[in-house]
Protein chains: 2
Amino acid sequence: MTDRKEFRDLAAPAAAHGAIDSLDLDPGVEEIALADARGRVLAERIDADLDVPGFDRASMDGYAVRARDTFGADEADPAELDLVGAVHAGEEPAVTVEPGTCAEISTGAVMPDGADAVVMVERTDVIDDDGEPPAGDSDDSGDSDGDRIAIRTSVAPGDHVMVAGADVAAGARALGPGTRLTPREIGLLSALGIETVPVRGRPRVGIVSTGDELVRPGEPLDSDRGQIYDVNSTTIAAGVEEAGGEPVLYPHAGDDYEEMERLLTRAADECDLVVSSGSTSASAVDVIYRVIEDRGELLLHGVAVKPGKPMLIGRLDQSADDDQSAGDERGESAYIGLPGYPVSALTIFRTFVAPAIREAAGQPEPRTATIEGEMAVRERYGEGRLRLMPVGVLERDEGASDGSDGKAGERGTERPLVYPVDKGSGATTSLVEADGVVAVDPDTEYLEAGEPVTVQLFSPDVRPPTLLGVGEDDPALNRLLDRLDRPRYLPVGTREGLRRLRGGLPDVAVAAGPTDRAGDAVDLGGWTREWGLIVPDGNPKGVDGLADLVDPERDLRFVNRGTDSGLRASLDAALDEVAADRGTDRRELEAAIDGFDLTVRAFESPARRVLSGDADVGLGLRATAERLGTGFRPVGTQDVRVLANPDRVGSDAIDELEAVLTAAIGGPDGDRTRPTILDDLAGYAPREE
Amino acid sequence: MTDRKEFRDLAAPAAAHGAIDSLDLDPGVEEIALADARGRVLAERIDADLDVPGFDRASMDGYAVRARDTFGADEADPAELDLVGAVHAGEEPAVTVEPGTCAEISTGAVMPDGADAVVMVERTDVIDDDGEPPAGDSDDSGDSDGDRIAIRTSVAPGDHVMVAGADVAAGARALGPGTRLTPREIGLLSALGIETVPVRGRPRVGIVSTGDELVRPGEPLDSDRGQIYDVNSTTIAAGVEEAGGEPVLYPHAGDDYEEMERLLTRAADECDLVVSSGSTSASAVDVIYRVIEDRGELLLHGVAVKPGKPMLIGRLDQSADDDQSAGDERGESAYIGLPGYPVSALTIFRTFVAPAIREAAGQPEPRTATIEGEMAVRERYGEGRLRLMPVGVLERDEGASDGSDGKAGERGTERPLVYPVDKGSGATTSLVEADGVVAVDPDTEYLEAGEPVTVQLFSPDVRPPTLLGVGEDDPALNRLLDRLDRPRYLPVGTREGLRRLRGGLPDVAVAAGPTDRAGDAVDLGGWTREWGLIVPDGNPKGVDGLADLVDPERDLRFVNRGTDSGLRASLDAALDEVAADRGTDRRELEAAIDGFDLTVRAFESPARRVLSGDADVGLGLRATAERLGTGFRPVGTQDVRVLANPDRVGSDAIDELEAVLTAAIGGPDGDRTRPTILDDLAGYAPREE
């Protein structure tokens, strides 16, 4: 019941947009050097202040003539003119072309007085008094006075002459206000001799992250004190820059009222907009709330959009003794408070804040900011408020079929597949596993598989992956991925990977060890890896193998991998064998292992626990032991297999993967001129077919 | 015959791409601050070096508990636990949760020893020893030791806890090489505490413009010496930046061999690639050619692509005493020579050079670099070599029909219209009148109207206009254009504008004065303007009207507008009247006017000639006379009409224009809260209907 009341108090998304529109972010007009103007937006119309060209200009190499002197001339009956001089580009003509004469002229040179046309050099000959080519070198044009020129064509007045102002006339409109300056506009402005241009300013956006636990990247982290690196400040700063604003990072604020007030007021003094991202602690948000109410005006608190509940919109007064913002009489700054979780913060920023920054900077919404796709899976919703659902996008080439029908793909352009990404919004990795958000209306109950949706990409520069892989994590696989163009790989483990592959969305799953049925997945190849027990260097506790691990007398602290991991599946199988040998049950052996249920996430994680002294034995790879310099007791060798979604076989993505995989493993068909992905990985070998 | 031989010597475009591919532009790897990394491309894979989070972390506000203590608890029968302390985000837990106890915990805080789950605060109550809420303020959590907490739900181990490494595990692959860094990747790298990242360097590209006539924007221009502002250096510099390179501008080089050699060697020492743009003078190109042959290697001279004939590709040796390029052992720089005309230079740059710079910088080709359209007109070709044809693009909304059939448009998405722009490649204005180029194969004889074509935009930031207008130039029109979003207007004059409108391509034509038939064009509105004779301030020669102008005794130097201009049409009509009054022929009167055939391009041009003393009388507008402070003798008033292409009526572009026009003229339906476009324009008035 409490929830319902709270929901009813939230502002509609349109009201949030309206409140933001009412804020003044306008940074005004800035005069900048043309060399720095690429990508900026003209604040005013630019009219030409001079004629381009500024003089009548030869547009061919040849001879400047009076056109009338050439009338009737042709190959058979050339006109013959006295050469009276030469004019080169960049010099003032020293000659006048009188009737019956001509002057040599270079492209770009000023037309000499008297001349009104140019005959191109190819239609002329230097001749002597008899009308024949002279004995000397006819190309020696350095000192040609006294020569005569045969003109073998007739020209009209203006031929091969660009008259002054023909390109741009003084007083003409050159570029309109709102024009975005790309290289070509910069070229035109250069032609007009313009050195500085009036452009829309870039709104200054102050960024304040709140939370005592935040540490800036590069500084040491004290995990015991629960410190984490600040993600939102840098993410939002990059987003501000991308939208055409100028980000200004402020020190982290704790939840002390005085400190927060000082910081926000300073940011308001110096910026057009202040953006805070709430820490995960509610008290900091409460403090900000109070500061905005005391030192400005809170327009809106909470928006009926998931994840916009903690959003704040308001204004902040600038300080009275406002000597920092010299000349700026406005006296207040806009304020927007974002949620604390990174994906939520970026989602709200992208949806509500970035458009306002672009508007203030005069920048258009980039054409690549959205992408049309279709739902890969059915997604239930029905939450009663607008949801900005984080989604991943998977591009499909023409050879791939929609996985939902299981048939070979029809050729043709297929819309990218769109699938929800929901790891809990606190996860930073969601940032790169999601490509954008789909806005789902409050009254939508389901999004059907195949339903067209528009994805608002997190950034116009986001390029969705062309290959989606899931499954085991493995160091050789990491190297394989390095050789592919824009892959996305989710290390969810072998069991979960195969489950997802059967669901039809991924292109491939990578499976290690004994596995569940892989359905009709197509084996593209793979390798083997040696696994066993990671122990400290020198093996101080003399662990020899599984027998020691399951010996309750040994009191060894173990660290395991989760049940989705292929390493865990191999360990379980090995324990089954030990149990069978002893005529007992695996569960019993497991119960004897201290830490058997302590599972960690990645292939190196158990080894790192052993290294840090938190465990005596960990499940892991020989390759990891060698890399990290720990001891290793081998237990077995397992296959790692790259399994393709049968519906995607024949797609460019799978074809490329297969080719790269073959080359990367260096089998009989492999490319031996390049290191294989297995080189220097202890315990790794090509799979024997 | 000469031409054919020359053509046979030109390299195929593929050979040019091959030669460029053989050049080494690789700038190497650069380590830069994460804050500066947006848009850059990772040079190496980044693996996580730490767990994120680095500790088991509460993901809800509530109470840290031993899950086992809550088993079986529900609303009716809560578990009651002793509160032993509190843990906030950013602090080290000072308590241990023993069986039967709990600790208050904030989102983001470190889980205290003993606790393995969090119960969210909403499912709990603070109680007294009787199990009832205490008499005091239950929200006072500041000092809660000694309180008891009723837990009204059961939780499982791990509930509302993000275990260490659950987001990113140390050793896991975070981002692959070649990843372009957008805000979200920067967020992930921040979470990993990464302060600097290894990225692909930006190739340094030295830009050398040749030509004694070139002057850098901002410096004074001497038109008498044939000087022009350098367009290519700034255009190419902006293009280099856009492609991910770092432009370095060098001083202009004349065509002196020693100077050119010094300049090119210096640029080669300092850059990965040197790009020159030939001046229009052939001798400068010859000098460069010799320098490259002497001081490097010329791989290719001339490409069989229009306009690539003067293109050069080669290598330049760096100087022996090479102390500038410390640490760089390569000893040579790549070299590419571009044509001199701006549109040609940008075309060749975009087609051959920009891809090589992007490749070296690791940047992908932007998704917006090309656009699919269809030919608006039939274009004949058949030149026997690849043509990179400059084209304009016109976007069409769903309401517009293809002008070629003259029928009302079908609703649906229509491809943008593409039309050739050929003003002679020397024109700077072609830079902004063309949006890109269409590659036409050597064996193509015709591009048919309606034929689909791919336009390579001059820049990924180019946005084709949504409205194409042609016709008269006019100061009120300029203001009208300022109020539209991305219009393109070609001031070709009234007569040529109407001709083009009848041809079907433009959306509107603007016509002034007595005109040819406008076909079935739709009149959207307009205004009137007063025209007459511009004379110097104070009218020193006492010009009263046309009678003076046609008086051969007066010896007045006149400057006229071209026959396409509506002003000229009105002048001709007025002269017709004078001739009729005198019983003579207009031609006779014209012959008496000194300078009648001296026509200049824009509405202000004659007035500027009068101002500069080059003429005694010019054809022009009262508004121009007032603006420039000249004298004015009125002759008449003419209509300026905005005429729509009948096939486009109903399109968004025309609808918007009509609405803006109505508001801008401020007629009965106009918006009087904003200045009209006629305000302060002397001699302008709304048209009477």
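About the criteria used
- Residues numbered from 1 in each chain as written.
- Chains lettered and ligands numbered in written order.
- Predicted model: local features only at pLDDT ≥ 70, side-chain atom pairs only at ≥ 80, totals over all residues.
- Heavy atoms only, no water.
- Helix = DSSP H or I, 4+ residues; strand = E, 2+ residues; numbered from the N terminus.
- Contact = heavy atoms within 4.5 Å.
- Buried area = accessible area lost by both parts, 1.4 Å probe.
- Salt bridge = Lys/Arg side-chain N within 4 Å of Asp/Glu carboxyl O.
- Polar contact = N/O pair within 3.5 Å; in protein donor to acceptor, adjacent residues only side chain to side chain.
- Nonpolar A, V, L, I, M, F, W, Y, C, P; charged D, E, K, R; others polar.
- Phe/Tyr/Trp six-rings, centres within 6.5 Å; stacked < 30°, edge-to-face > 60°.
- Lys NZ or Arg CZ within 6 Å of the ring centre and 35° of its normal.
- Pairing = 2+ DSSP bridges.
- Axes fitted to C-alpha atoms, helices over the stretch in contact; angles between N-to-C directions.

Is there a simple way to explain unusual backbone geometry in this structure?
Peptide bonds are, in most cases, trans, and in most cases residues other than glycine have a negative phi. Residues and elements named next belong to chain A. Val52 connects to Pro53 through a cis peptide bond whose omega is -10 degrees. Here Pro53 shows up in the loop between β2 (46-47) and β3 (57-58). With an omega of 15 degrees, the peptide bond running from Lys306 to Pro307 counts as cis. Tracing the backbone shows Pro307 in the loop between β19 (305-306) and β20 (312-317). Phi is positive for His160, close to 60 degrees, though the residue is something other than glycine.

So what exactly am I meant to see when it comes to the interface of chain A and chain B here?
On the chain B side, the residues contacting the 104 residues of chain A number 104 residues. The junction of chain A with chain B conceals about 8400 Å² of combined surface from both sides, 53% of it contributed by carbon and sulfur atoms. Our enumeration of links across chain A and chain B arrives at 12 salt bridges. With a closest N to O distance of 4.0 Å, A:Arg38 and B:Glu242 form a salt bridge. Our count for the chain A to chain B interface comes out at 29 residue pairs in polar contact (both at pLDDT 80 or more). Contributions of two or more residues to the side of chain A that touches chain B are made by β11 (173-175), α3 (183-191), β15 (228-229), α4 (232-242), α8 (430-433), α9 (475-482) and α14 (605-611) of chain A. For the side of chain A that touches chain B, the element with the most residues is α3(A), which contributes eight residues. Split into classes, the residues belonging to the side of chain A that touches chain B amount to 45 nonpolar, 27 polar and 32 charged.

Sorry, what's going on with the packing of aromatic side chains here?
What describes a pair of aromatic rings is the distance from one ring centre to the other and the angle between the planes of the rings. Under the definition given, this model contains zero aromatic pairs over all chains. Positioned above the aromatic ring of B:Tyr446, the side-chain terminus of B:Arg378 is 3.7 Å from the ring centre.

How should I be thinking about the side chain of A:Arg529 in this particular structure?
Residue and element names in this part refer to chain A. Within the element layout of this structure, Arg529 appears in strand β32 (residues 522-535). A distance of 3.2 Å separates the side chain of Arg529 from the backbone oxygen of Asp473, its partner in a polar contact. Leave out the neighbours within four places in its chain, and Arg529 touches Glu472, Asp473, Asp474, Ala512, Leu567, Leu621, Gly636, Thr637, Gln638, Val640, Gly683 and Tyr684.

Would you mind going over the environment of A:Ala579 with me for this structure?
Residue and element names in this part refer to chain A. Within the element layout of this structure, Ala579 appears in helix α12 (residues 566-582). With 426 residues separating them along the chain, Ala579 and Thr153 place their C-alpha atoms 105 Å apart. In contact with Ala579, not counting residues within four places along its chain, are Thr584, Asp585, Arg586 and Leu589.

Can you help me understand the sheet that holds strand β6 (residues 101-105) of chain B in this one?
Neighbouring strands of a sheet are bound in pairs by backbone hydrogen bonds; such pairs are parallel or else antiparallel. Residue and element names in this part refer to chain B. Taken together, the six strands give an open sheet; going across it, the order is β7-β4-β6-β5-β9-β8, and neighbouring strands pair in mixed fashion. With one partner strand each, in any of the chains shown, β7 (117-120) and β8 (124-127) form the two edges of the open sheet. Across the sheet, the mean angle from the axis of one strand to that of its neighbour is 40 degrees, orientation sign disregarded. Pairing of β8 with strand β9 (residues 148-151) involves four bridges; the strand directions are antiparallel. Paired with Val126 across the strands is Ile149, a residue of β9.

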